[in-house]
Amino acid sequence: MTTEQSETLRLLLTRRSHPAISLVEPAPAGDVLRDILQAASRVPDHGKLVPWRFILLRGEARADLGNRLVSLLETREGPLAGDRRQQEATRFTRAPLVVAVVSRAAVHPKVPVWEQQLCVGAVCMNLVTAAHASGFAAQWLTEWMAFDDDVSAMLGLAEAERIAGFVHLGTPSETPSERPRPDLDGLISEWTGA
């Protein structure tokens, strides 16, 4: 194994999700952000359909979107209690940059929708890994907003588009605790044809 291969494997084995609330400035920007998004886009893509796109949420737009979430929920549920109001208002200000990864998976004569959705999931994972490789940290979240048609409309999604994830990016302010990992032996079987 070459040094480069060893470093790549070490990078993959040390990648951790960092709670969005623990991410601080600076966030990736400029050419670094462009490289991260380019790396995120280097996924298997049967038919070269590019069934994803990115929406960047940064600066004051994050707070504006949070305020719109509050208004939406208060229209549906009535006034929100203080803690709940604060939670919804700050959904997108927890980290300095949030990348909404939008799935554009659609019926195609040769490429199943499921395969396209897997491709978009790979984009999200590559985005998280590329952020780690660039010295930043990330957390891939969905939460209720990813499944809400009114929020999708706020973000300008087309009718067939869906949020695959909100990837929160920034600089880690703390080291997250390690979590239990799956027992690899319990996940591996060998098909023998019998």
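Below is a summary of the structure that appears in this document. (Residues numbered from 1 in each chain as written. Predicted model: local features only at pLDDT ≥ 70, side-chain atom pairs only at ≥ 80, totals over all residues. Heavy atoms only, no water.)

## Considering the packing of helix 2 (residues 30-40) against helix 5 (residues 113-133)
Put simply, the rule reads: Lines fitted to C-alpha atoms define the axes here, with helix axes fitted over just the stretch in contact, and angles between the N-to-C directions of these axes take values from 0 to 180 degrees. Put simply, DSSP marks the helices as runs of H or I at least four residues long and the strands as runs of E at least two long, and each gets a number from the N terminus on. Working definition: roughly parallel below 35 degrees, roughly antiparallel above 145 degrees, roughly perpendicular at 65 to 115 degrees, and oblique for all remaining angles. Take the far helix as your reference; a near helix turned counterclockwise from it by less than a right angle gives a left-handed crossing, and one turned clockwise gives a right-handed crossing. By definition in these notes, contact holds between two residues if any of their heavy atoms fall within 4.5 Å.
Relative to each other, helix 2 and helix 5 sit at 140°, their axes nearing to 7 Å. When the axis of helix 2 is compared with that of helix 5, the two are oblique. Along this stretch, helix 2 crosses helix 5, giving a crossing that reads as right-handed. Between helix 2 and helix 5, the residues in contact are Ile 36, Leu 37, Ala 39 and Ala 40 and Val 123, Asn 126, Leu 127, Ala 130 and Ala 131, respectively.

## A few points about the side chain of Ser 22
We apply this condition: Residue burial is assigned from relative accessible area. The probe radius is 1.4 Å, only protein chains are included, and a residue is buried under 20% of its type maximum, exposed over 50%, and partly exposed in between. Any N or O atom pair separated by 3.5 Å or less is treated as a polar contact, with the protein-specific requirement of one donor-capable and one acceptor-capable atom, and with residues adjacent in sequence counted only for side-chain atom pairs.
Looking at the secondary structure, you find Ser 22 in the loop between helix 1 (3-14) and strand 1 (23-24). Residue Ser 22 is classed as buried on the basis of its relative accessible area of 3%. Here Pro 19 takes part through its backbone oxygen, which lies 2.7 Å from a polar atom of the side chain of Ser 22. Look past the residues within four positions of Ser 22 in its chain and what remains in contact with it is Thr 171, Pro 172, Ser 173 and Glu 174.

## Brief notes about the packing of aromatic side chains
Using the following cut-off: We call Phe, Tyr and Trp rings a pair once their centres come within 6.5 Å, taking the six-membered ring for Trp, and we label the pair stacked below 30 degrees between planes, edge-to-face above 60, and tilted otherwise.
Evaluated as defined, the whole model comprises one aromatic pair. For the ring pair Phe 92 and Phe 166, a centre distance of 5.1 Å and an interplane angle of 70° mean the geometry is edge-to-face. With Phe 92 in the loop between helix 4 (82-89) and strand 3 (97-103) and Phe 166 in strand 5 (residues 162-172), this pair connects stretches of sequence that are 74 residues apart.

## Thoughts on the nonpolar core
Worth spelling out the cut-off: Among the buried residues, those of types Ala, Val, Leu, Ile, Met, Phe, Trp, Tyr and Cys that are joined through side-chain atoms within 4.5 Å form a nonpolar core.
Residues Val 99, Val 101, Leu 127, Val 167 and Leu 169 are the most contacted members of the largest nonpolar core, which totals 23 residues. Going through the elements one at a time, helix 2, strand 3, helix 5 and strand 5 are the ones with two or more residues in this core. Looking at which element gives the most residues to this core, the answer is helix 5, with eight residues. Contacts of Val 101, omitting those with residues within four sequence positions, involve Arg 53, Phe 54, Val 120, Val 123, Cys 124, Leu 127, Arg 162, Ile 163, Ala 164, Gly 165 and Val 167. Residues Leu 57, Leu 69, Val 98 and Ala 146 belong to the second largest nonpolar core, which totals 16 residues.

## Digging into the environment of Asp 148
Position of Asp 148 relative to the elements: it lies in the loop between strand 4 (137-141) and helix 6 (149-154). Every residue in contact with Asp 148, bar those within four places of it in the chain, is listed here: Leu 72 and Arg 76. Within the local environment of Asp 148, its side chain forms a polar contact with the backbone nitrogen of Val 151, the two atoms lying 3.1 Å apart.

## Examining the pairing of strand 4
A regular strand carries its side chains on alternate faces of the sheet. Our working rule: What makes two strands pair is DSSP finding at least two bridges between them.
Most of strand 4 sits inside the fold, with four of its five residues counted as buried. The pairing of strand 4 with strand 5 spans five bridges and is antiparallel. Paired with Trp 140 across the bridge in strand 5 is Val 167.

## Some points on a nonpolar patch on the surface
Cut-off, in case you're wondering: Surface patches are defined over residues having more than 30% relative accessible area and no salt bridge, joining like charges when they lie within 9 Å and nonpolar side chains (Val, Leu, Ile, Met, Phe, Trp, Tyr) when within 5 Å. Note that accessible areas follow from Shrake-Rupley with a 1.4 Å probe, and for residues the cover is restricted to the protein chains shown. Salt bridges are defined as contacts in which a side-chain nitrogen from Lys or Arg sits within 4 Å of a carboxyl oxygen from Asp or Glu.
Together, Met 1, Leu 9, Leu 12 and Leu 13 give the surface a local cluster of nonpolar side chains, amounting to about 480 Å² of exposed area. Mapped onto the fold, Leu 13 is located in helix 1. Under the relative-accessibility criterion, Leu 13 is labelled exposed at 68%.

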